[in-house]
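Chain by chain, the residues run as shown.
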Amino acid sequence: MKKSPKVNEVNEFLEIASDFEDPLEVIRESLSNSYDADATEVEITIQNQPNGSDIIIEDDGDGMNERDLESFFDLGNSRKTDSIGYKGHGTKIFYKSDRIEVTTVHDGTSYRAVMDDPWEKLNRKELPEYELTKNSVRSGNPGTKIRITNFRSGYGFDAEELTYNKIHHYLKWKTIAGSTAHYLGEDMREMEIAVTLDDAIDDTRAQLVTSNRLDFPAEQLEPSEGEYPAERMCKHYPAKEIDIEYEGGETTLQIVGMVGGKKTRNELPTYGRHSAQFGIWFAKDHIKVERLNEAVSHDNEFLHFFFVANCQDIELSANRENIRNKASPVYQAVKEEVEYYLSKVTQDPWFKSYLETRKQADRQRRTADQQSSLKDRRERIEKMGFEPDNKAEVLLGLERAAIEDQSLSLSVEDFDPNADVHAILRQNGRLRNAAVHQTLTGLFEEEVPLENTDIAVCWTHGDPAELKEYERNGYFGGEVSLQLEEGGLQYHNDDSRYIEIIDVESLLTSKAVPTADD
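Below is a summary of the structure that appears in this document. No experiment lies behind these values; they were computed from the predicted model shown.

## Focus on the overall build of the chain
Alright, step 1. Looking only at helices and strands, one finds 12 helices and 20 strands in the chain.
Alright, step 2. Relative to its length of 518 residues, the chain is extended, with a C-alpha radius of gyration of 36 Å against a globular reference of 24 Å.
Alright, step 3. Oriented by its inertia axes, the alpha-carbon framework of the chain measures out at about 110 × 60 × 60 Å.
Alright, step 4. The proportion of buried residues among the 518 residues of the chain is 46%.
Alright, step 5. Once local pairs closer than 6 in sequence are excluded, the contacts in the chain between residues at least 24 apart make up 62%.
Alright, step 6. Positive and negative side-chain charges of the chain, numbering 61 and 101 respectively, have mean locations separated by a distance of 4 Å.

## Details of the sheet that holds strand β2 (residues 52-59)
Alright, step 1. With mixed pairing, the eight strands of this open sheet are ordered in space as β5-β4-β3-β6-β2-β1-β7-β8. At either margin of the open sheet sits one strand with a lone partner, and together these are β5 (131-136) and β8 (208-211). Each neighbouring strand pair of the sheet contributes to a mean axis angle of 10 degrees, computed without reference to strand direction.
Alright, step 2. Across seven bridges, the pairing between strand β3 (residues 99-106) and strand β6 (residues 143-151) is antiparallel. Bridge pairing links V105 to G143 in β6.
Alright, step 3. Sitting on the sheet, helix α2 (residues 24-36) touches β1 (41-49), β2, β6 and β7 (192-197), and the angle it makes with β1 is about 160 degrees.

## Quick notes on the packing of aromatic side chains
Alright, step 1. Per the counting criterion, the structure on display carries 22 aromatic pairs.
Alright, step 2. With a centroid separation of 5.0 Å and 85 degrees between ring planes, the pair formed by F444 and Y475 is classed as edge-to-face. Here Y475 lies in the loop between α11 (464-473) and β18 (479-483) and F444 lies in helix α10 (residues 440-445), a separation of 31 residues in the sequence.
Alright, step 3. Judged by relative accessible area, which is 5%, Y475 ranks as buried.
Alright, step 4. Three or more aromatic residues link up through ring pairs in this structure, and these residues are Y237, F305, F307, Y341, W350, F351 and Y354.
Alright, step 5. In this arrangement the basic side chain of R400 is found over the ring face of F386, its NZ or CZ atom lying 4.7 Å from the centre.

## Let's talk about the pairing of strand β9 (residues 234-246)
Alright, step 1. By the bridge criterion, 11 bridges tie β9 to strand β10 (residues 249-260) in an arrangement that is antiparallel. Within the sheet, the bridge partner assigned to Y237 lies in β10 and is G257.
Alright, step 2. Hairpin connection between β9 and β10: a loop of two residues separates the two successive antiparallel strands, and G248 in this loop has a positive phi of roughly 105 degrees.

## Digging into unusual backbone geometry
Alright, step 1. The backbone of D117 sits at a positive phi, close to 50 degrees, despite the residue not being glycine.
Alright, step 2. Note on placement: D117 falls in the loop between β4 (109-116) and α4 (118-123).
Alright, step 3. With relative accessibility at 30%, the residue D117 sits in the partly exposed group.
Alright, step 4. Its identity as a non-glycine residue notwithstanding, S409 has a phi of 50 degrees, on the positive side.

## Points about the environment of D202
Alright, step 1. When you line up the elements, D202 lands in the loop between β7 and β8.
Alright, step 2. Along the chain, D202 and G61 lie 141 residues apart, while their C-alpha atoms are 28 Å from each other.
Alright, step 3. When residues no more than four places from it in sequence are discounted, the contact partners of D202 are L162, T163, Y164 and L197.
Alright, step 4. A polar contact of 2.9 Å, which involves the side chain of D202, links it to the backbone nitrogen of Y164.

## Some thoughts on the pattern of salt bridges
Alright, step 1. Tallied over the full model, the rule gives 26 salt bridges.
Alright, step 2. A salt bridge links E471 to K468; its shortest N-O distance comes to 3.6 Å. Here the residue E471 and the residue K468 both occupy positions in helix α11, the gap between them amounting to three residues, near one helical turn.

## Some words on the sheet that holds strand β20 (residues 496-503)
Alright, step 1. Taken in spatial order, the seven strands of this open sheet run β14-β15-β16-β17-β20-β19-β18, and their pairing is mixed. This sheet does not close on itself; its edge strands, each paired only once, are β14 (410-415) and β18. Across the sheet, the mean angle separating the axes of adjacent strands is 30 degrees when strand polarity is ignored.
Alright, step 2. In this sheet, β20 lies alongside strand β19 (residues 488-492) in antiparallel orientation, the contact comprising five bridges.

## Let's talk about helix α7 (residues 329-346)
Alright, step 1. Relative to the 26 Å expected for 18 residues at 1.5 Å per residue, α7 spans 26 Å between its end C-alpha atoms, a close match to the ideal helical length.
Alright, step 2. Within the span of α7, buried status applies to V330, Y331, A333, V334, V338, Y341, L342, V345 and T346.
Alright, step 3. Contacts made by the buried residues of α7 are with β9, β10, β11 (279-284), β13 (305-310) and α8 (349-384).

## Concerning the environment of K288
Alright, step 1. With respect to the helices and strands, K288 occurs in strand β12 (residues 287-291).
Alright, step 2. Look at K288 and you get buried, because its relative accessible area is 5%.
Alright, step 3. Sequence-wise, K288 and S179 are 109 residues apart; in three dimensions their C-alpha atoms are separated by 8.3 Å.
Alright, step 4. Filtering out sequence-adjacent residues up to four positions away, K288 remains in contact with K172, W173, G178, L214, W281, F282, A283, F306 and V308.
Alright, step 5. There is a polar contact of 3.0 Å between the side chain of K288 and the backbone oxygen of K172.
Alright, step 6. Within the local environment of K288, its side chain forms a polar contact with the backbone oxygen of G178, the two atoms lying 3.4 Å apart.

Calculation criteria
Residues numbered from 1 in each chain as written. Predicted model: local features only at pLDDT ≥ 70, side-chain atom pairs only at ≥ 80, totals over all residues. Heavy atoms only, no water. Helix = DSSP H or I, 4+ residues; strand = E, 2+ residues; numbered from the N terminus. Rg over C-alpha atoms; globule rule 2.2 N^0.38 Å. Buried < 20%, exposed > 50% of the residue type's maximum accessible area, 1.4 Å probe, protein only. Contact = heavy atoms within 4.5 Å. Lys, Arg positive; Asp, Glu negative; His and termini not counted. Charge placed at Lys NZ, Arg CZ, Asp CG, Glu CD. Pairing = 2+ DSSP bridges. Axes fitted to C-alpha atoms, helices over the stretch in contact; angles between N-to-C directions. Phe/Tyr/Trp six-rings, centres within 6.5 Å; stacked < 30°, edge-to-face > 60°. Lys NZ or Arg CZ within 6 Å of the ring centre and 35° of its normal. Polar contact = N/O pair within 3.5 Å; in protein donor to acceptor, adjacent residues only side chain to side chain. Salt bridge = Lys/Arg side-chain N within 4 Å of Asp/Glu carboxyl O. Expected span 1.5 Å × (residues − 1).

Written as structure tokens, this is what we have:
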């Protein structure tokens, strides 16, 4: 006996709709549908409501017939073939609302479809239905208007977080409004996109108007004047179509992009972290999906590249955020071709000159920084004399004192700045363990165990009041008796230990003033 597996339709609708969290994903879906319907103008209105957002999308496209409306509401019943939306998932995001109204005119017939409480019914495990009516109208004036009432955003999302600026950047990075198809010379239709937010969301302007194309910043092949000559350098790499054969078929890769410095990249829109936007993008329908930054060899920073590699044979996850057929021969073949293409870009003489310009400028800035730093340090020495900034310089002072006074019979034999006992000194022929700090108080503040310390080397003693506190309160359960006049301290714990204190500043009878070497 053969049996067919069953599908729980309500759970499937819930699962697909729940994958979408951001109301901007409604816009992404709508713009793709409007473009597919040959629209030249799309108007989107978002209004903030107590229980969600009202979203209205209106276009002047070819409209939908009864069969198209079925695809709009059905799951997995798309009439598209290889473009985004062929799975029939996208419009199911609209189910996260209190009401869906679609009014559309196609070939002299006006259709109106209304679905009430889709989200509530799905959560009651009830499959929502829609009411369809149709009327004859005069030919002409086609188009579609979709009104989504109280769209439910994902947890933590507030419609008031939307701004025109955020939406503009989202459009250019995540929707067909950021398409690079026009660089490929294919039959690209221009589409004007207007977005209106109510004043409760953003009252900084009346409307956002943009197109369905992403333009690269203007080329500038030569360096600029100034400290950062490469930051505005930019080169476009012409769009290229590459036919690829792979095991089991063939496909086409369309790739276009640019290389540019920081100032150039700042001229592009960004959505999210700036550094997360650039690199090599895989795209479908010329909508960027997922990056392939490893296509750029590791000795080049991906940040300087912005390439869009479009292939209609990559398959997307249900929420369209990732590529799901990465194990397939077609994906592997396209990936290898993108890597080969980028290897040619990185061998371009212009790209090498761009890197060399950056490197030379960086070297010049470092040289200037060195000069400035050395000037400050020299002035400080002339004014203040020698003063250590770290443990190594304390030891430098100690050795200088030993050179000035041969009777000290001191030399530094070993130094490990990461150890508790930093140095091993040779004193009067014997090796001795030394903890080195800029101040004696620093020895206690770093809670250094004293059981293996013979000498505490410091530039100065530090705050006397703080040292007195250690005498009063003890150290690691033991007692500290400071004998600064005699140059030592006694530490009593299980055993009693005398630790010599070398105050380096006092050994240098006068602060040395170096002889100028220029």
